[in-house]
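# Observations on chain architecture
What follows is each chain in one-letter form.
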Amino acid sequence: MFMFSKAAAVCPYCLRELKLSDMKFYCVPDEDNRHEVRRSFAEKLKGRLPVCKRRLCRNHGLTIREAVCKKCGELLPPQILFHNKFLSLCAVGVAGAGKSSYMTTLIHELRYSGLPWILQAMDVDTTRLAQMNEQYVYEERHCLRGTEAGKSPKPQLWTILDNSVKGEKIPTYALTIYDGAGEDCERIDYTPLDSKISHYLSGAKMLLIMFDPLLLSSVRVEISHDTLNASMATERQTSAPANMVSMVNSLANYIRRNCNIPPGKKINRKAAVVITKLDALNEMLNGFASGATILKESPHVQSRGFVESDSEMVDLEIRDWLTRQGETAFLGAIDANFKDVRVFGVSSFGRPPDLHKRLPKVRPHRVLDPFMWMLAAEGVIPTI
Ligand SMILES: Nc1nc2c(ncn2[C@@H]2O[C@H](COP(=O)(O)OP(=O)(O)OP(=O)(O)O)[C@@H](O)[C@H]2O)c(=O)[nH]1
Ligand SMILES: [Mg+2]
Ligand SMILES: [Zn+2]
Ligand SMILES: [Zn+2]
């Protein structure tokens, strides 16, 4: 039966600490019926989820399947309580930066790249979204549609079973992924945000600040129209380069306000700056040198750990590249606001889509790197 894990559980919606006593439990015998189930004295004592005690209920004697966070009222998968670690990622970036494509290939890689982990969705919505995106990108080979703005996206809730640890008890990690609409990130400073989005932004363990290099004018003059058109979300992204500097500053101000951090103090949160769509930069004469580390296969998965020297090299190469593009203000804004920053470069698809937004065989490049950085910091994998 379930045992209470030591790490404090976190509600994936309000991001407050969550205990069994902070939840209301429901038995759901069929779609139209649900009734509250209170914990018995013995269940409280043993720290267990309650079972249905209603005599005539078809679920009589079965462990409840639904819970609600008393603090925010959101529906939760009850098993969220029983994890050894709680990991959360929040992607931010302008519309069309490549956030959802990245998350889709990240999940795929976590499942199929030979890592000793098993990924399980915690709720139906996560299963549904993952299946839909997987089919769209990997089977139909089509780019995703933009994420709907103005409403808070449901976070994806995953359980990772860590099979690398021998023994009877397999450690489990709860992974929450927030992937909102770029439009909402762009107006973060002057539109009152949905309270849920604001919780995600201010509470996630790691922020993924997605930077679309194709918005830089120095890049646009060197890349063919075809690649450019295929690699931009045409319905949303304008050719005017969005000002990433002001977005970073607004984001930082926003987090400070929400978390009561004084203006002069750096935000104590992991910030992975992720340059997306690296494949499109291959056409650039002024791009990365042919022997650059960033263009090589990622070594982390094979090494079964986070290879610090590789990551530092990639960080340096991209910073150098951004400096050559005249983007020192962006790097300055990130470094001034966040305490723990690392720069990454990824290509979710491996090659640009064609003009009809159809994808070639998807071969992601280095998409796991930022994730492995977080895992290393959390002590899930070693740093080597
Ligand atoms: N060349 C190339 N293009 C990419 C890649 N990833 C995304 N794109 C392009 O960028 C477009 C937008 O990608 P999304 O993942 O939907 O972007 P998003 O950040 O989720 O956008 P919003 O949901 O609107 O905020 C896609 O339609 C592709 O055309 C990549 O790895 N390489
Ligand atoms: Mg999206
Ligand atoms: Zn809650
Ligand atoms: Zn019942």
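If you're wondering where the values come from, they're calculated on a predicted model, not measured in any experiment.

### Focus on the site of ligand 1
Not every one of the 27 residues close to ligand 1 is listed here, only the nearest: Lys99, Ser101, Gly146, Thr147 and Gly182. It is helix α2 (residues 99-112) that contributes the most residues to the shell around ligand 1, 3 residues altogether. When its residues are assigned to classes, the shell around ligand 1 shows 11 nonpolar, 12 polar and 4 charged.

### A few points about the environment of Gly287
Relative to the helices and strands, Gly287 is located in the loop between β12 (267-275) and α9 (300-303). Separated by 38 residues in the primary sequence, Gly287 and Gln325 have C-alpha atoms spaced 9.6 Å apart. Apart from residues no more than four positions distant in its own chain, Gly287 is found in contact with Leu281 and Asn282.

### Brief notes about the environment of Cys143
On the secondary structure map, Cys143 appears in the loop between α3 (124-139) and β9 (156-162). Judged by local crowding, Cys143 falls into the buried class, with 22 C-beta atoms found within 10 Å. C-alpha separation for the pair Cys143 and Asn133, spaced 10 residues apart in sequence, amounts to 9.4 Å. Not counting residues within four places of it along the chain, the set of residues in contact with Cys143 comprises Pro353, Lys357 and Leu359.

### Section: the packing of α2 against α3
The interhelical angle for the contact between α2 and α3, taken along N-to-C directions, is 95 degrees, at an axis separation of 10 Å. Between α2 and α3, the interaxial angle falls into the category roughly perpendicular. Facing Thr104, Ile107 and His108 of α2, the residues of α3 in contact are Ala130, Asn133, Glu134, Val137 and Tyr138. Its residues assigned to classes, the contact of α2 with α3 shows 4 nonpolar, 3 polar and 1 charged.

### Concerning the sheet that holds strand β6 (residues 75-76)
Spatially, the 4 strands line up as an open sheet ordered β4-β3-β5-β6, and their pairing is antiparallel. Across the chains shown, the open sheet's two edge strands, defined by having one partner strand only, are β4 (33-37) and β6. Direction of pairing for strand β3 (residues 23-30) relative to strand β5 (residues 66-69): antiparallel, over a ladder of 4 bridges. Bridging from a neighbouring strand, Lys24 pairs with Val68 of β5.

### Observations concerning the domain arrangement of the protein
Considered domain by domain, the protein is made up of domain 1 (9-80) and domain 2 (85-377). Summarising the inter-unit geometry, the C-alpha centres of domain 1 and domain 2 are found 34 Å apart. Domain 1 puts 9 residues into the contact, and the matching count from domain 2 is 10 residues.

### With respect to the nonpolar core
Ranked by size, the top nonpolar core spans 93 residues in total, and within it Cys90, Leu208, Ile209, Val273 and Val274 carry the most contacts. Split by domain, this core shows at least three residues from each of two domains, domain 1 (9-80) and domain 2 (85-377). Ignoring sequence-local partners within four residues, the contact set of Ile209 consists of Val92, Gly93, Val248, Ala271, Ala272, Val273, Val274 and Ile334.

### Examining helix α8 (residues 244-259)
In a regular helix each residue adds 1.5 Å, so 16 residues correspond to 22 Å; α8 covers 22 Å between its end C-alpha atoms and thus fits that length. Within α8, the full set of buried residues consists of Met244, Met247, Val248, Leu251, Ala252 and Ile255. Projected down its long axis, α8 shows its buried positions confined to an angular sector of 130 degrees, all on one face. Looking one or two places after α8, you find Asn260, whose phi comes out positive at around 55 degrees.

### Looking at the pairing of strand β13 (residues 338-345)
Of all 8 residues in β13, 6 are buried, a share of seventy percent or more. For β12 and β13, the ladder comprises 7 bridges, and the chain directions are parallel. In the sheet register, Ala272 faces β13, and the bridge partner there is Arg342.

### What to know about the sheet that holds β13
As a general point, the strands of a sheet are linked pairwise by backbone hydrogen bonds and lie either parallel or antiparallel. Strands sit in the order β8-β9-β10-β7-β11-β12-β13 across an open sheet of 7 strands; the sheet is mixed. Each end of this open sheet is capped by a strand with a single partner; those strands are β8 (117-121) and β13. Averaged over all pairs of adjacent strands, the angle between strand axes in this sheet comes to 25 degrees, irrespective of strand direction. Note: strand β7 (residues 85-92) against strand β11 (residues 206-211), 4 bridges, orientation parallel. Within β11, the position partnered with Ala91 by the bridge is Leu208. Along the sheet, helix α10 (residues 308-324) contacts β12 and β13; its crossing angle with β13, the most-contacted strand, is approximately 85 degrees.

How each quantity is defined
- Residue numbers run consecutively from 1 along every chain, following the written order of its sequence.
- Chains carry letters from A onward and ligands carry numbers from 1 onward, assigned in written order.
- The predicted origin of the model limits local features to residues at a pLDDT of at least 70 and limits the giving and counting of side-chain atom pairs to 80 or more, whereas totals for whole chains, interfaces and linings rest on all residues.
- Whether a residue is near a molecule or strand depends on its C-beta atom, placed from the backbone, lying within 6 Å of it.
- Only DSSP runs of H or I reaching four residues or more are called helices, and only runs of E reaching two or more are called strands; each is numbered from the N terminus.
- When residues are grouped by polarity, Ala, Val, Leu, Ile, Met, Phe, Trp, Tyr, Cys and Pro land in nonpolar, Asp, Glu, Lys and Arg in charged, and all others, Gly among them, in polar.
- Note on contacts: residues are paired as contacts if their backbone-placed C-beta atoms lie within 7 Å.
- Counting other C-beta atoms within 10 Å of its own, a residue is labelled buried from 20 upward, exposed at 12 or fewer, and partly exposed in the gap between, with every C-beta atom placed from the backbone.
- Every angle, taken between N-to-C directions, lies between 0 and 180 degrees, and every axis is a line fitted to C-alpha atoms, over only the stretch in contact when it is a helix.
- Angles are sorted into four bins: roughly parallel if under 35 degrees, roughly antiparallel if over 145, roughly perpendicular if 65 to 115, and oblique for all others.
- Here a strand pair is declared whenever DSSP counts at least two bridges between the two strands.
- The source of the domain bounds is an automatic or database domain assignment.
- For this analysis, nonpolar core means a set of buried Ala, Val, Leu, Ile, Met, Phe, Trp, Tyr and Cys residues linked through C-beta atoms within 7 Å.
- Take the number of residues in a helix, subtract one, and multiply by 1.5 Å to get its expected span.
- Each C-beta atom gives one direction from the helix axis, and the arc is the one those directions make.

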